[in-house]
Number of protein chains: 2
Amino acid sequence: MIVARTIADLKEHLFALSEGGRRSIGFVPTMGYLHEGHASLMREAKANNDIAVLSVFVNPTQFGPNEDLDRYPRDEARDLKLSEESGIDVAFLPTVQEMYPKPSKTSVIVSGLTDRLCGASRPGHFDGVGLVVSKLFHLVKPDRAYFGMKDAQQVAVIQQIVNDLNFDTIIVPCPTVREPDGLALSSRNVYLSAEHRAQAVVLSQSLALAKDWIQEESMTAGLLLSSVKERIESAPDAVIDYVELLRYPTLEPLDEQELMHKLESPALLAMAVKFGTTRLIDNSLYHPNGGV
Amino acid sequence: MIVARTIADLKEHLFALSEGGRRSIGFVPTMGYLHEGHASLMREAKANNDIAVLSVFVNPTQFGPNEDLDRYPRDEARDLKLSEESGIDVAFLPTVQEMYPKPSKTSVIVSGLTDRLCGASRPGHFDGVGLVVSKLFHLVKPDRAYFGMKDAQQVAVIQQIVNDLNFDTIIVPCPTVREPDGLALSSRNVYLSAEHRAQAVVLSQSLALAKDWIQEESMTAGLLLSSVKERIESAPDAVIDYVELLRYPTLEPLDEQELMHKLESPALLAMAVKFGTTRLIDNSLYHPNGGV
């Protein structure tokens, strides 16, 4: 596995490996502290492309002033080991200085999709995502880019940017990978105390319950939301940031009275819940036929 | 010359001609109604790349609600003739529907550089430019893109976008092409009455005079500006939109007291002047050594 820390290095290696663009590139952009969720993306990238590229970059422009940029977990040695084991050919680990030699005067902003969910809780977050993804796509020129559906809103936002700006990259959403008890894998799980870790299972449990509740003839969007919230709040330390039910990928809210078993387009049940200072997100996508 | 009217057609032809990206592409994005200024860009693109690509697209997102989108001049037959004569291999002439099947939710916005000059007179103009240039660059994937310095602010904005977003395209600014009497070539010149056409020469004349005035030991930025404005206003129907003197390419205004012969970075003298309903722009770049 090649490790590139500068843009010049990355370009040189990609040009050589891809034979000037003739071999396909699968790309997994990450913020590092890789887990099995990332590994599943990396294996997918390798399986479906000639060259698999990983980036590890804790992008400062997607963190708010009071967020966890400084304490975001890092473990480069483990990241390099896991990425090599997962079939990555080129790992790109730039410094902040390399990616932002000067503050960017250019913004890539998506309206509409970013008003809700994490966009509402984390103002500016998706502007930072749009900026860094645009930069990384221009540097790596991937044929396909792999993103986990745990960040469903991020997938919707990036797909919108790709559509609107005619990026020549296929966005491949991949399923959320979970712990045996259902907790969605996240680099931020390491922040959880043992007690909070135990309680955090309430997120995936509520999503699983919702999958059943959704089948009930009288179940409306409003009732589903209140039932899910009630379930989450049964965990003593859970503090709900948001629980929302939205059409996917447009992220328009469902009408409170809408009957869930009559859904005509996919609906996303998405939640952000804090345990102490740790904010976890999870979601499930429900399809009109009742599938998940 | 291949004429592509759809994105699918463009991509297919570019892939074939460029042998999957192995041959270099020079790109000239335009709004059509081509003149010798465009021809000089097209010849430059052909001379320095394997494949020369032209786009003709009157981009609605860079026009304000009260601007001349509807009456912007068009002559496709002449455009195709001139582009073929200028060595273009692929002419891309998409419809608005092809470029914007839905209104874009994504914006590409440059702050700072776009507050002044045409950015101040035409709010949103450079957002539209940023959007369409991003789209076209993703579709054409040019190695080099050619822009006329008549739109100096546009060149600065696009160069900023390329730098900030790591586009893999070299921006090549090319000199303004002029009529024998000095009037900068512009598709909008056809709007001018004979009387206004005669008066319009005052723009290039004032720029030429400024080139001399700049050498005078006591000439300050403030005095230069007032002298240039006075000269322009000697044309009976000239209505000044702006005349500004800015550092280039940062577009920061010069101090009024700054002595012009002591310039330490290039300065742009830029103007927008209306004759009746026709708005003309022109500019000159002055270098620290007194060169132009």
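Not measured: the values here are computed from a predicted model.

Analysis parameters
- The residue numbering used here restarts from 1 in each chain and proceeds along that chain's sequence as written.
- Naming scheme: in the order in which they are written, chains are lettered from A and ligands are numbered from 1.
- Local features are withheld for residues below a pLDDT of 70 in this predicted model, meaning they are given only at 70 or higher, and side-chain atom pairs are given and counted only at 80 or more; totals for whole chains, interfaces and linings count all residues.
- With hydrogens and water set aside, each side-chain value is computed from the structure's full complement of heavy atoms.
- Under the pairing criterion, centres of Phe, Tyr and Trp rings, with the six-membered ring standing for Trp, must be within 6.5 Å; the plane angle then separates stacked pairs below 30 degrees from edge-to-face pairs above 60, leaving the rest tilted.
- Where helices and strands are cited, they refer to DSSP runs of H or I of at least four residues and of E of at least two residues respectively, numbered from the N terminus.
- The buried label applies to any residue whose accessible area, calculated with a 1.4 Å probe on protein chains only, is under 20% of its type's maximum; exposed applies above 50%, and partly exposed to all values in between.
- Think of it as a cone above the ring: NZ of Lys or CZ of Arg counts as a charge over the ring if it is within 6 Å of the ring centre and within 35 degrees of the ring normal.
- Any two residues whose heavy atoms approach within 4.5 Å are treated as being in contact.
- Paired strands are those between which DSSP finds at least two bridges.
- Think of each axis as a best-fit line through the C-alpha atoms, taken over the contacting stretch in the case of a helix, with angles from 0 to 180 degrees between the N-to-C directions.
- Each helix should span, by expectation, one fewer than its residue count multiplied by 1.5 Å.
- Salt-bridge detection follows one rule: a side-chain nitrogen of Lys or Arg within 4 Å of a carboxyl oxygen of Asp or Glu.
- Buried area adds together the accessible area that both of two parts lose upon being put together, with accessible area traced by a 1.4 Å probe.
- Between N or O atoms, a polar contact is any pair within 3.5 Å; within protein, one atom must be a potential hydrogen donor and the other a potential acceptor, and residues adjacent in sequence are included only when both atoms are from side chains.
- Amino acid classes used here: Ala, Val, Leu, Ile, Met, Phe, Trp, Tyr, Cys and Pro are nonpolar; Asp, Glu, Lys and Arg are charged; the rest, including Gly, are polar.
- UniProt positions are given in the numbering used here, feature names are shortened, and annotations may be inferred rather than shown by experiment.

Some thoughts on the packing of aromatic side chains
No. 1: For the structure shown, the criterion picks out eight aromatic pairs over all chains.
No. 2: Centre to centre, the rings of Phe57 of chain B and Tyr100 of chain B are 6.2 Å apart; their planes meet at 40°, and the pair counts as tilted. Placement of the pair is Phe57 of chain B in the loop between β3 (51-56) and α3 (76-85) and Tyr100 of chain B in the loop between α4 (96-99) and β5 (106-110), with a sequence separation of 43 residues. Assigned by exposure class, Phe57 of chain B and Tyr100 of chain B land together as buried.
No. 3: Each ring, one from Phe63 of chain B and one from Tyr72 of chain B, has its centre 5.8 Å from the other, and the planes form 80°; the classification is edge-to-face.
No. 4: An aromatic cluster of at least three residues, connected via ring pairs, comprises Phe27, Phe137 and Phe167 of chain A.
No. 5: A cation over a ring is seen here: Arg71 of chain A above Tyr191 of chain A, with NZ or CZ 4.0 Å from the ring centre.
No. 6: Between Arg78 of chain A and the ring centre of Tyr33 of chain A, over which it is positioned, the NZ or CZ distance is 4.7 Å.

Digging into the environment of Thr106 of chain A
No. 1: Tracing the backbone shows Thr106 of chain A in strand β5 (residues 106-110).
No. 2: Apart from the residues lying within four places of it in its own chain, the contact partners of Thr106 of chain A are Leu131 of chain A together with Val108, Ile109, Val110, Gln160, Ile161, Asp164 and Leu165 of chain B.

Points about the sheet that holds strand β8 (residues 238-247) of chain A
Residue and element names in this part refer to chain A.
No. 1: Spatially, β8-β9-β10 is the arrangement adopted by the three strands of the open sheet, whose pairing is antiparallel. Edge positions in the sheet fall to β8 and β10 (278-286), since each has one partner strand and no second. If you compare each strand with its neighbour and ignore which way they point, the axes differ by 15° on average.
No. 2: Sheet topology places β8 next to strand β9 (residues 267-275); nine bridges connect them, and they run antiparallel.

Examining helix α6 (residues 125-140) of chain B
No. 1: With 16 residues, α6 of chain B extends 22 Å from end C-alpha to end C-alpha; this agrees with the ideal 22 Å at 1.5 Å per step.
No. 2: Just beyond α6 of chain B, the residue with positive phi is Lys141 of chain B, at close to 50°.

Here's the deal with the pattern of salt bridges
No. 1: The final tally for this structure, using the stated rule, is 26 salt bridges over all chains.
No. 2: One salt bridge connects Arg279 of chain A with Asp241 of chain A, and the closest N-O pair in it is separated by 2.8 Å. Taken together, the positions of Arg279 of chain A in strand β10 and Asp241 of chain A in strand β8 put the pair 38 residues apart, joining distant regions of the chain.
No. 3: For Asp241 of chain A, a relative accessible area of 33% translates into the label partly exposed.
No. 4: A network of salt bridges, in which partner residues are shared, links Lys11 and Lys141 of chain A together with Asp168 of chain B.

Side note on the interface of chain A and chain B
Interfaces are frequently sized by the accessible area removed from exposure as the parts join.
No. 1: Contacts between the two partners involve 28 residues from chain A and, on the opposite side, 28 residues from chain B.
No. 2: Buried area between chain A and chain B, both sides added, is near 2,500 Å², and the carbon and sulfur share of it is 46%.
No. 3: Note that Lys11 of chain A and Asp168 of chain B form a salt bridge whose closest N and O atoms lie 3.5 Å from each other.
No. 4: Linking chain A with chain B are 20 residue pairs in polar contact (both at pLDDT 80 or more), by the criterion used here.
No. 5: A breakdown of the residues in the side of chain A that touches chain B according to their chemical character gives 11 nonpolar, 10 polar and seven charged.
No. 6: With five bridges joining them, β5 of chain A and β5 of chain B adopt antiparallel strand pairing. Across the sheet, residue Ile109 of chain A finds its bridge partner in β5 of chain B, namely Ser107 of chain B.

Considerations on the UniProt feature "binding site: beta-alanine" (unreviewed entry) in chain A
Residues and elements named next belong to chain A.
No. 1: Here, UniProt's "binding site: beta-alanine" (unreviewed entry) annotation points to Gln62.
No. 2: Tracing the backbone shows Gln62 in the loop between β3 (51-56) and α3 (76-85).
No. 3: For Gln62, the residues in contact, after removing those within four places along its chain, are Met31, Glu67, Arg122, His125, Gly128, Val129 and Val132.
No. 4: A polar atom in the side chain of Gln62 sits 2.9 Å from the side chain of Asn59.

Overview of the UniProt feature "binding site: (R)-pantoate" (unreviewed entry) in chain A
All names here are of chain A.
No. 1: Under the present numbering, the feature "binding site: (R)-pantoate" (unreviewed entry) in UniProt falls on Gln62 and Gln154. In summary, the annotated positions, though distributed over 93 residues, converge in three dimensions, the widest C-alpha pair being only 11.5 Å.
No. 2: Mapped onto the elements of the fold, Gln154 is located in helix α7 (residues 152-165).
No. 3: Every residue in contact with Gln154, bar those within four places of it in the chain, is listed here: Phe126, Val129 and Phe147.

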